[in-house]
Each structure stands twice: as structure tokens, then as C-alpha cells.
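As a plain string of letters, each chain reads:
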Amino acid sequence: MRLQLKYVLLFSFLTAQLCAAQENENTTKEKKVVFIIVDGISTDMLQKAPTPFLDSIAASGSYSKAYVGGKKDDYSETPTISAVGYNSLLTGTWVNKHNVYGNSIKKPNYNYPTVFKVFKDQYPKKTTAIFSTWLDNRTKLVEGLGDAKNVKLDYAFDGFELDTINYPHDAYKQYIKKIDNDVAVEAARYIKTNAPDLSWVYLEYTDDVGHGLGDSPQLDAAITYEDALVGKIWNAVKEREANFNEDWLLVVTTDHGRSPKDGRHHGGQTDRERATWIVTNEKNTNSYFKNETLAITDIYPSMLRFLNIDVSKDIAYEIDGTSFIGEVDAYGLSAVKEGEKIVIRWKNNSNKTVKGTIYTSSTNQFKEGEKDVYKREAKVSLANEETTLLLKKHTGKMLKIVLETPNNVLNTWYINNN
């Protein structure tokens, strides 16, 4: 009788464990991401114009000031130009790596993979989509020029700026305003019905109004107009989450600010041209998000982490952003010459016991599609926030420096100008 009871209890325990495992599997939500770029809205413009839907997303999740343009007056200084900003988001790198210096998009370096490429490499059966008022976003930045095809998106709604029959062109860019509306409406519809796993929505009209009129009531109105279009997509995301077992990350940002004189232009390195913002529905942003001004390159590693995308160490060592989701041990890596030393600094975001490892490489073969050889330099206490290398041991023109920690990886370059 005792033996029978023993087996009954064992059977009950195993059954309970199996049920719990099945329940956990059933309740695991499918991860989905949609990111939106609304073109050419500086931080102060966003704060001035009425944006009830962006406010609603921020209230549900988080908001941060951000910047574009790389490290000012340094090796990664990046033009505050539209396509340049898009590609910094798409690749998580600055222009010294991705090589898109203007809107002509002449020679992108596809060795720095877009978020769509690494996503499809890991999840080939999952779906991707783009909804864009500019065709080049897909054909030149994401899918690739000529023989350098990177990834084929599963669904595209774009190219309407070339359709002069249904969208007759006018000097005031009302046709772009109409295309933006149609792009957002389709994005909302497609998300509701098909729920692609990774999507990009691009809206242009605000940048056109900025170039035409600069700081003006019309630009404020254009920002509010685009906000309503973002609201359509936000409502679609909420509907999916309410009715399906899905967990959506929505990120909304802009690609550059505007000139301080009158808001008409951009491309330079003034504070206003560099000043942008990030709005997300993600509630659990980390202390880096809460305490620092984010970079547009931070969106890339955040999406990778949310989607559980594992990239190779070679790719991880090139990403110029820091995830605003999950744990990060350090951020803000830099390297400068002081006397006969290269001083490497970072900001600690961990407890006093956490250590990291410094690696260096004197080559930059990654940009050619090859691998760099890294040398282990030192084990460091992150709490010290500083270490040094002897300059006489690193006499080349450039040195790639990586700080690897338990929860994230940082990189910087030291350029020898002597």
C-alpha cells in the first residue's frame, strides 16, 4: 500500500510539473517590434507641438532625450542628414562604419548588418515589413544595392513618391502628406491582421515642412499631424496585445534635429541639429535610459535584446550603441592620449565587484568583411572607471578598443594623429 501511494504521489508530481511546463510555454508571449522614424523633429519642436499620441506612448512606457551625429569633433562625427540617421539606427553604428554620408546613399558598407539582416539570419521563418514614404530606405539601405543583396523583406508598402498619377507632386509637398497618411494606415492595418515580427515605418512630411517654412505654426501642425498617424500604429499594437499572446516593443524617434537659426535646414553639428528624442512603450527601461541622453545607435542593441537575437562576437564588438533594455554594466567608453599613455574611461553601472576585460585590435578588417584579431589587454574593475595602455606599445594609426562585461559590450577607437 505504501509502495502504491509512493507511485501515486510521484505520478501526481510529474503530472503537475508537465502541466506547469505546458502552461508556461502557452503563456510565453511572442516578441514583436515596430520602430517608427518621423523625419526632422528636434527635441524642442517635439516639446512645443501638441502630440497626444506620443504623450500616451511615453506615459505608458518611457521617454528620453537623444542625439544623432556621433562623437562631435572626433572619429565618428556623423552628418545630421536623414539617410545617415536612418542607417545609424538600422546598423547601430556611426558613419565611420556604415559609410552612408548623405541621401544619395552611394556606397553603404553592408558588412555592418542591419537589424533586419541579423533578425532574418537567426529567425529565417519570421516575417519582416517596411512601410515607407521613401523607396530608398528599402532598396538601398535594407535590401542592398547591386550584387550586395542583404535581406529580402517579406512585405513592402513603399515607392509611392514615384507615382505622379495618384500622388501629383506639388510645391507644398501635400502629396508627401497624403503618402504619409496612406503609409501609416496600411502599417496599422497590416499590423492588426498580419503582425509582422519586425517592422519599420517611415514618415517624411515634417522634414519637408521644416525645409520649406522652418520654425512656424505650419511645422507645429505637421508634427501634430504625424503624431496622429503614429497613434494609428500605436492603437494597432495595443489591439494586438489585447487580443493575442504577443509582447510588442514600439520605438518612435527622429533622424536629426534642425538648424538653430530658423529650423529650415540640418546637416551640421550644432546642439539643435544633434538634439533628438526616443519614445517607447517599454516600461522596464534600465538606468542607462533613465539617467543618460541616448544615442540613435542605442535602439539597435535594444531591439536585439528584446527579440533575443544573438550576434557573433565580431558584430557585437562593432555596435556603437548600448541597450536601454535589460542590465548593462557600463557605458560611455572613450580613449584619449595623456602623456605617454592611452587613457580608457567608462561609466560604471554595476556594483563594486563586477569586472570587465579590455581587448584591442590594431586592424580594421571588419569593414572589408574579414575578422579582426583582438588581444586581451587587462582585466579591470568596472568601479574604477579607468585604465591605461602604454602608448609605445600601440604606435599604429588607429586602435580598436573593446570593453567586454558580463552584460554588455562597448567599443571605441583611438586615433593616433601624430
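Values in this document were obtained by computation on a predicted structure and should not be read as measured data. (Residues numbered from 1 in each chain as written. Predicted model: local features only at pLDDT ≥ 70, side-chain atom pairs only at ≥ 80, totals over all residues. Heavy atoms only, no water.)

### Some words on the packing of aromatic side chains
Turning to step 1, where the next piece is worked out: Considering all chains together, one arrives at 19 aromatic pairs under this definition.
Turning to step 2, where the next piece is worked out: Between Tyr112 and Phe366, the ring centres sit 5.0 Å apart and the planes meet at 50°, which makes this aromatic pair tilted. Here the residue Tyr112 occupies a position in the loop between α5 (95-98) and α6 (115-122), and Phe366 occupies one in the loop between β11 (355-361) and β12 (375-381), the gap between them amounting to 254 residues.
Turning to step 3, where the next piece is worked out: Of the residues examined, Tyr112 reaches a relative accessible area of 3% and is grouped as buried.
Turning to step 4, where the next piece is worked out: Judged by relative accessible area, which is 9%, Phe366 ranks as buried.
Turning to step 5, where the next piece is worked out: A centroid spacing of 5.9 Å and a plane angle of 50° characterise the contact between Phe131 and Tyr155, whose relative ring orientation is tilted. On the criterion of sequence distance, the pair formed by Phe131 in strand β3 (residues 128-132) and Tyr155 in strand β4 (residues 155-157) is long-range, its members being 24 residues apart.
Turning to step 6, where the next piece is worked out: Relative accessible area serves as the criterion here: at 0%, Phe131 is assigned to the buried category.
Turning to step 7, where the next piece is worked out: Aromatic rings pair up to connect Phe35, Tyr86, Phe116, Trp134, Trp200 and Tyr202 into one cluster.
Turning to step 8, where the next piece is worked out: Over the ring of Phe306 we find Lys31; its NZ or CZ atom is 4.3 Å from the centre of that ring. (Phe/Tyr/Trp six-rings, centres within 6.5 Å; stacked < 30°, edge-to-face > 60°. Helix = DSSP H or I, 4+ residues; strand = E, 2+ residues; numbered from the N terminus. Buried < 20%, exposed > 50% of the residue type's maximum accessible area, 1.4 Å probe, protein only. Lys NZ or Arg CZ within 6 Å of the ring centre and 35° of its normal.)

### With respect to the sheet that holds strand β10 (residues 341-348)
Turning to step 1, where the next piece is worked out: Pairing is antiparallel across the open sheet formed by 3 strands, whose spatial order is β9-β10-β13. Edge positions in the sheet fall to β9 (330-338) and β13 (386-390), since each has one partner strand and no second. Along the sheet, successive strands turn relative to each other by an average axial angle of 20°, direction set aside. (Pairing = 2+ DSSP bridges. Axes fitted to C-alpha atoms, helices over the stretch in contact; angles between N-to-C directions.)

### Digging into the pattern of salt bridges
Turning to step 1, where the next piece is worked out: Scanning the model with the defined rule gives 26 salt bridges in all.
Turning to step 2, where the next piece is worked out: Across the pair Lys140 and Asp136 runs a salt bridge whose closest N-O atoms are separated by 3.5 Å. Separated by 4 residues within a single helix, Lys140 and Asp136 lie in helix α7 (residues 136-142), roughly one turn from each other.
Turning to step 3, where the next piece is worked out: Overall, Asp136 belongs to the buried group, its relative accessible area being 17%.
Turning to step 4, where the next piece is worked out: For the salt bridge of Asp158 with Arg138, the shortest nitrogen-to-oxygen distance reads 2.7 Å. (Salt bridge = Lys/Arg side-chain N within 4 Å of Asp/Glu carboxyl O.)

### As for the packing of helix α4 (residues 82-91) against helix α13 (residues 299-306)
Turning to step 1, where the next piece is worked out: At a minimum axis separation of 6 Å, α4 and α13 run at an interaxial angle of 35°. From α4, Leu89, Leu90 and Thr91 reach across to α13, where they touch Ile299, Tyr300 and Met303.
Turning to step 2, where the next piece is worked out: Class assignment of the residues belonging to the contact of α4 with α13 gives a composition of 5 nonpolar, 1 polar and no charged. (Contact = heavy atoms within 4.5 Å. Nonpolar A, V, L, I, M, F, W, Y, C, P; charged D, E, K, R; others polar.)

### Examining unusual backbone geometry
Turning to step 1, where the next piece is worked out: You will see that Lys173, though not glycine, has its phi angle at about 60°, which is positive.
Turning to step 2, where the next piece is worked out: With respect to the element layout, Lys173 can be found in the loop between β4 and α8 (174-194).

### Observations concerning the sheet that holds β11
Backbone hydrogen bonds hold the strands of a sheet together, and the pairing may be parallel or antiparallel.
Turning to step 1, where the next piece is worked out: Read across the sheet, 4 strands follow the order β12-β11-β14-β15 without closing on themselves; strand pairing throughout is antiparallel. Looking along the sheet, the strands with just one partner apiece sit at the ends: β12 and β15 (409-415). Direction aside, neighbouring strands of the sheet carry axes that sit 20° apart on average.

### Some points on the confidence of the model for the protein chain
Turning to step 1, where the next piece is worked out: The share of residues in the protein chain with pLDDT of 70 or more is 93%, and the mean pLDDT across the chain is 94.
Turning to step 2, where the next piece is worked out: For the stretch residues 1-15, pLDDT sits under 50, and the model shows 0 contacts to residues farther than four places along the chain or on other chains.
Turning to step 3, where the next piece is worked out: Throughout residues 18-26 the model reports pLDDT below 50, and contacts reaching past four residues in sequence, or to other chains, amount to 1 contact. (pLDDT = per-residue confidence, 0-100.)

### What about the nonpolar core?
Turning to step 1, where the next piece is worked out: With 51 residues, the main nonpolar core has Phe35, Phe116 and Trp200 as its most contacted residues.
Turning to step 2, where the next piece is worked out: Other than its neighbours up to four places away in sequence, Phe35 contacts Leu89, Leu90, Val115, Phe116, Leu198, Ser199, Trp200, Val201, Val251 and Met303. (Core = buried A, V, L, I, M, F, W, Y, C linked by side-chain atoms within 4.5 Å.)

### Quick look at the environment of Arg305
Turning to step 1, where the next piece is worked out: Among the structural elements, Arg305 can be located in helix α13.
Turning to step 2, where the next piece is worked out: Since its relative accessible area comes to 28%, Arg305 is described here as partly exposed.
Turning to step 3, where the next piece is worked out: Separated by 14 residues in the primary sequence, Arg305 and Ile319 have C-alpha atoms spaced 13 Å apart.
Turning to step 4, where the next piece is worked out: Beyond its immediate chain neighbours, meaning those up to four positions away, Arg305 contacts Ser323, Ile325, Gly326, Glu327, Val328, Asn407 and Asn408.

### Some words on the pairing of strand β6 (residues 246-253)
Turning to step 1, where the next piece is worked out: A large share of β6 lies buried, amounting to 7 of its 8 residues.
Turning to step 2, where the next piece is worked out: Relative to β6, strand β1 (residues 30-38) runs parallel, the two sharing 8 bridges. The residue bridging Lys31 from the neighbouring strand is Asp247, located in β6.
Turning to step 3, where the next piece is worked out: As defined by bridge partners, β6 adjoins strand β7 (residues 275-280) across 3 bridges and the pair is classed as antiparallel.

### Focus on the side chain of Asp372
Turning to step 1, where the next piece is worked out: Turning to its location among the elements, Asp372 is positioned in the loop between β11 and β12.
Turning to step 2, where the next piece is worked out: Take Asp372: its relative accessible area is 8%, and that puts it in the buried class.
Turning to step 3, where the next piece is worked out: There is a polar contact of 2.7 Å between the side chain of Asp372 and the side chain of Thr363.
Turning to step 4, where the next piece is worked out: From its side chain, Asp372 meets the backbone nitrogen of Phe366 in a polar contact 3.4 Å long.
Turning to step 5, where the next piece is worked out: Discounting residues that sit within four places of it in the chain, Asp372 has contacts with Glu318, Ser361, Thr363, Asn364, Gln365, Phe366 and Lys400. (Polar contact = N/O pair within 3.5 Å; in protein donor to acceptor, adjacent residues only side chain to side chain.)

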